[in-house]
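# A closer look at the structure
As a plain string of letters, each chain reads:
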Amino acid sequence: MDLTYSPEDRAFREKARRWLEANVPTDDLKTLDERKAWHRKLYEAGYVGVLWPKEYGGWGASPMQQAIVQDEMARVNAPPAINGLGIGFIGPTIIVHGTDWQKGRYLKKMLTAEEIWCQLYSEPNAGSDLASLKTRAEDRGDHFLVNGQKIWTSSGPIADWGILLARTDSKAPKHKGISCFLLNMRQPGVEVRPLKQITGSSLFSEVFMTDARAERRDLIGTLNQGWEIAQTTLGFERGSNSLGRVTRYAIAFSQLVRAAKELRRGGRPLIEDPVVRAKLGKIYAELEVQRYAGLRVLSALNRGESPGAASSITKLSYTEFEKRYYEAALEILGPWGQLVTAPEEFEEIDTSSGEPGTWATAFLWSRAGTIYSGSSEIQKNIIGERVLGLPKEVRADRLKA
Amino acid sequence: MNFSFSSDQQLLKNSARAFLDEHMKPATVRLLWDDPRGESEALWKEMGELGWLGLSLPEAHGGSGLGMVETAILLEEMGHAALPGPYLPTVLAARAIEEAGTNAQRMRWLSAIATGEARATLALLDADLDWRPEGTRTRAEKSATGWTLSGTKRFVPWAHVADVLLVPARTPDGLTLFLVDPAAAGLTLEPAQVMDGATRLVTVTLDATPVGGDGVLGAAGQAGPLLASLLRRGAVGAAAEMLGAARRCLDMAVGYAKVREQFGQPIGSFQAIRHKCAEMLLEVENSHAAVYYSAWALDARAEDAELAASVAKAYVGDAARRVCGEAIQVHGGIGFTWEYDLHLYFKRAKALEAMYGDADHHRELIVRRVAA
Ligand SMILES: Cc1cc2nc3c(=O)[nH]c(=O)nc-3n(C[C@H](O)[C@H](O)[C@H](O)COP(=O)(O)OP(=O)(O)OC[C@H]3O[C@@H](n4cnc5c(N)ncnc54)[C@H](O)[C@@H]3O)c2cc1C
Ligand SMILES: Cc1cc2nc3c(=O)[nH]c(=O)nc-3n(C[C@H](O)[C@H](O)[C@H](O)COP(=O)(O)OP(=O)(O)OC[C@H]3O[C@@H](n4cnc5c(N)ncnc54)[C@H](O)[C@@H]3O)c2cc1C
């Protein structure tokens, strides 16, 4: 056991810190074009696509260095890169399963955010049970005709391309009849309707596909291999931003402490109230434990070990923690915590999503993590069955299959 | 950066598991629960031969010169076995003697501890149960031959088998740590019975108890930092032991959930049970990260070592209680019986939760550190 950073990693961190301090934008980025420009700058400096192989335009660096970049960005509250779904897992999926043509056509533009990507998986009747999806793709020779509806599509309104799961064999068992495509979002058969989230912003959407075209050359892997491919996609998605996430929590914590020093109750600052102190101590202990656990996962990733189903423990741990964290923060702040425009004395905080806002936004946003990318209940099923080896539950769809 | 054990550390863990599986079966633990002394003298000797007692002592004193990570590895296995005995207080005391002792004190105690001839303990709590060293009430006054100590120390672990007690007391110079002979005049020991039979706690009353001039450990009046550092090591050590107990309970719960059938299927196939087991695993794995991070931080003198010790104690104390308790729940009625072994580990974890600063104490230390 040795938790010191290697000299190379320390030098890498030093360099990233200096670059970010010199280059981080001083004004809020308001438009998509401004965010794309910042993204490109980050990319050119070597801080986007850190993990991607060099042959596809990435930097071929280690998971540790990837985590260091995220951490340093959080430290200076840098606006995040965009196209996270693309770079975090759609691109890696193409790298693993895609053809040379697909790699040449899509990867570089994804990295530079010239083209924005979204994930077209969930449907109104296929959420946790993704394999029951109904969107159809009919084989028309050089292309497939796509009909159906997707929902909760993040970045849908700004996306140029999507990774799509659609049914290509309705007679096969449900996991065996699904294929994976890259779908052009900028075509007449694709209609995107923004959906407003509980935070008030519209980051996700519904996507309606009516005789939309997916080219045959945009089929990923072989026909009906989609479920298998989707499993790798989810695997990449559960990778690591462990350090950066915890640093963001820690920055929010110091803002919380500052607020607890300024706010008074019963004639004394909140920070002197033993009940408030106990709450602060409890959430800070949990926050640190998330950091230690993150380092443990990261050190394994960095040695090339794949966490497999154990990554469900990480996801469950930090998403459930995040809810408790902001619940405690709002308990401490009282009605102050519920303001949707922050009073000047409490700076705006950037939530772990990168969505700018107030404590209230962060509190609301913390409800999302235990739903997307496999809800907490699904993670617990995976942990129970695949990590602990507990017997599978009796399920109606398994009885049929 | 490597969070996994080295091959030597893994070897230590495996051999400790094998040794305790063989020599500290639940039936043996139960015998010791009923034993007035409460620990096995033969086993203690063997632990000395295995190098466990001198694990973190310098080689010059018969030790192996290893660190807190290795100590935590052993303590986790001891918690996993619910091993009764004064291991943690003895190695903590040895550490303090090694760190602050005079040559004579080190010669007197360290190799005796490493070989298993001597046991030691810490009398950290006064009657008002304040874990802060500055809360110490026991007093020491200068005498012709040295000092006399008066006061009451509560919940002193294993004082009835100890050959030396480390006793903090107030002097006109400030807080001072004394090496006290348990047979000294005016000192009485009154064992208390607690729900964990593997925990022995003793009330130590000092009534003008004489201590020689050579019985001061470290500089007179300067014991505060040494005591704080002992408490930190104690906190990490106790967290490691609680982790072991929690891991044992988790394993027992999962094993039982696979074989116990109700409603025509194993209870582990019910989500109510499976999800509970998943949550227990989550807390055990997080506890593992907390224990070994904090142990490493002490060894590496990392700048957050003090914070990490409090984090580990506060987090693991809560987690181990929940995990061991939920294991009883998973077992249903059988888990509530004396004959079934679960309660050995449940009680072991619960007993350690209150020692070396409870979670409230450590949460306050955390807030002082991060909200200053
Ligand atoms: C902010 C946000 C962004 C998202 N972005 C995307 C995106 O970009 N692309 C995309 O494809 N999807 C996206 N999603 C959708 C997300 O993947 C789904 O919401 C998720 O898979 C859950 O599906 P559902 O909403 O249909 O809930 P359901 O599956 O209907 O679940 C409802 C409840 O039942 C529980 N449940 C379901 N099955 C089981 C079971 N077997 N055992 C126990 N409990 C069960 C669930 O845990 C949940 O609590 C996003 C969701 C959110 C909240
Ligand atoms: C102090 C005490 C006194 C008692 N006194 C009496 C008495 O006087 N007379 C008497 O007849 N009995 C008595 N009982 C027995 C008690 O009713 C049973 O222990 C209880 O019904 C649970 O059964 P079990 O112990 O076999 O556990 P199990 O039924 O084997 O349950 C084990 C675990 O599986 C869970 N489980 C079981 N089925 C399901 C399911 N379908 N879904 C989800 N989870 C499930 C349970 O909740 C439990 O956590 C007593 C028990 C105790 C602890």
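Residues numbered from 1 in each chain as written. Chains lettered and ligands numbered in written order. Predicted model: local features only at pLDDT ≥ 70, side-chain atom pairs only at ≥ 80, totals over all residues. Heavy atoms only, no water.

## Points about the site of ligand 1
In the vicinity of ligand 1 there are 17 residues, among which Ser122, Ser128, Trp152, Ser375 and Glu377 of chain A approach most closely. Residues within reach of ligand 1 are spread across chains A and B. Between ligand 1 and the protein, one listed contact pairs a nitrogen atom with a backbone N or O atom of tryptophan 152 of chain A at 2.8 Å. In the environment of ligand 1, a nitrogen atom lies 2.8 Å from a nitrogen or oxygen atom belonging to the side chain of glutamine 271 of chain B. Contact with the protein chains covers 69% of the free accessible surface of ligand 1, which is 970 Å². The greatest single-element share of the shell around ligand 1, amounting to three residues, is contributed by helix H11 (residues 376-387) of chain A. Grouping the constituent residues of the shell around ligand 1 by class yields seven nonpolar, nine polar and one charged. If you count residues domain by domain, the shell around ligand 1 takes at least three from each of domain 2 (117-224) and domain 3 (241-397) of chain A. (Near = heavy atom within 4 Å. Polar contact = N/O pair within 3.5 Å; in protein donor to acceptor, adjacent residues only side chain to side chain. Areas by Shrake-Rupley, 256 points an atom, 1.4 Å probe, with all protein chains shown as cover. Helix = DSSP H or I, 4+ residues; strand = E, 2+ residues; numbered from the N terminus. Nonpolar A, V, L, I, M, F, W, Y, C, P; charged D, E, K, R; others polar. Domains from an automatic or database assignment.)

## Brief notes about the packing of helix H7 (residues 223-259) of chain B against helix H9 (residues 305-331) of chain B
All names here are of chain B. In contact at an axis separation of 8 Å, H7 and H9 are set at 25° when each is read in the N-to-C sense. Considered as vectors, H7 and H9 are oriented roughly parallel to each other. Once H7 is placed against H9, the crossing between them reads as left-handed. (Axes fitted to C-alpha atoms, helices over the stretch in contact; angles between N-to-C directions. Parallel < 35°, antiparallel > 145°, perpendicular 65-115°, else oblique. Left-handed = near helix turned anticlockwise from the far one by under 90°.)

## A word on the domain arrangement of chain A
Residues and elements named next belong to chain A. Assigned domains of chain A: these are domain 1 (7-82), domain 2 (117-224) and domain 3 (241-397). The gap between the C-alpha centroids of domain 1 and domain 3 is 23 Å. Taken together, the 13 residues of domain 1 in the interface contact 11 residues of domain 3. Summing both sides of the interface, domain 1 and domain 3 together bury roughly 1,100 Å²; the carbon and sulfur share of this comes to 60%. Taken together, the connections running from domain 1 to domain 3 amount to zero salt bridges. Scanning the region where domain 1 abuts domain 3 turns up two residue pairs in polar contact (both at pLDDT 80 or more). Among the elements that take part in the side of domain 1 that touches domain 3, helix H3 (residues 63-75) stands out by supplying eight residues, more than any other. Its residues assigned to classes, the side of domain 1 that touches domain 3 shows seven nonpolar, three polar and three charged. (Contact = heavy atoms within 4.5 Å. Buried area = accessible area lost by both parts, 1.4 Å probe. Salt bridge = Lys/Arg side-chain N within 4 Å of Asp/Glu carboxyl O.)

## Some details on the pattern of salt bridges
All names here are of chain B. If you walk through the whole model with that rule in mind, you get 54 salt bridges over all chains. The closest approach of N and O atoms between glutamate 306 and arginine 232, which form a salt bridge, is 3.7 Å. With a gap of 74 residues between them, glutamate 306 in helix H9 and arginine 232 in helix H7 connect regions that are remote in the sequence. When its relative accessible area of 30% is taken as the criterion, glutamate 306 is described as partly exposed. (Buried < 20%, exposed > 50% of the residue type's maximum accessible area, 1.4 Å probe, protein only.)

## What about the environment of glutamine 338 of chain A?
Residue and element names in this part refer to chain A. Following the sequence through the fold, glutamine 338 ends up in the loop between helix H9 (311-333) and strand S11 (349-350). When its relative accessible area of 58% is taken as the criterion, glutamine 338 is described as exposed. Linking glutamine 338 and leucine 364, residues 26 residues apart in sequence, is a C-alpha distance of 10.0 Å. With sequence-adjacent residues up to four places away left out, glutamine 338 is seen in contact with Leu330 and Ala360.

## Overview of helix H1 (residues 7-23) of chain A
All names here are of chain A. An ideal rise of 1.5 Å per residue puts 24 Å on 17 residues; H1 measures up with 24 Å between its terminal C-alpha atoms. Every buried residue belonging to H1 is among Asp9, Phe12, Arg13, Ala16, Trp19, Leu20 and Asn23, and all of these are buried. Summarising the axial view, the buried residues of H1 lie within an arc of 135°, below the 170-degree limit, and thus occupy one face. Those residues of H1 that are exposed and aimed more than 90 degrees away from the buried face are Pro7, Arg18, Glu21 and Ala22. On its buried side, H1 packs onto helix H2 (32-45), H3 and helix H7 (242-262). (Expected span 1.5 Å × (residues − 1). Arc of directions from axis to C-beta.)

## A short note on a negative patch on the surface
Residues and elements named next belong to chain A. Together, Asp27, Asp28, Asp33 and Glu34 give the surface a local cluster of negative charge. Relative to the elements of secondary structure, glutamate 34 occurs in helix H2. Residue class for glutamate 34 comes out partly exposed when judged on its relative accessible area of 36%. (Patch = residues over 30% accessible without salt bridge, like charges linked within 9 Å, V, L, I, M, F, W, Y side chains within 5 Å. Lys, Arg positive; Asp, Glu negative; His and termini not counted. Charge placed at Lys NZ, Arg CZ, Asp CG, Glu CD.)

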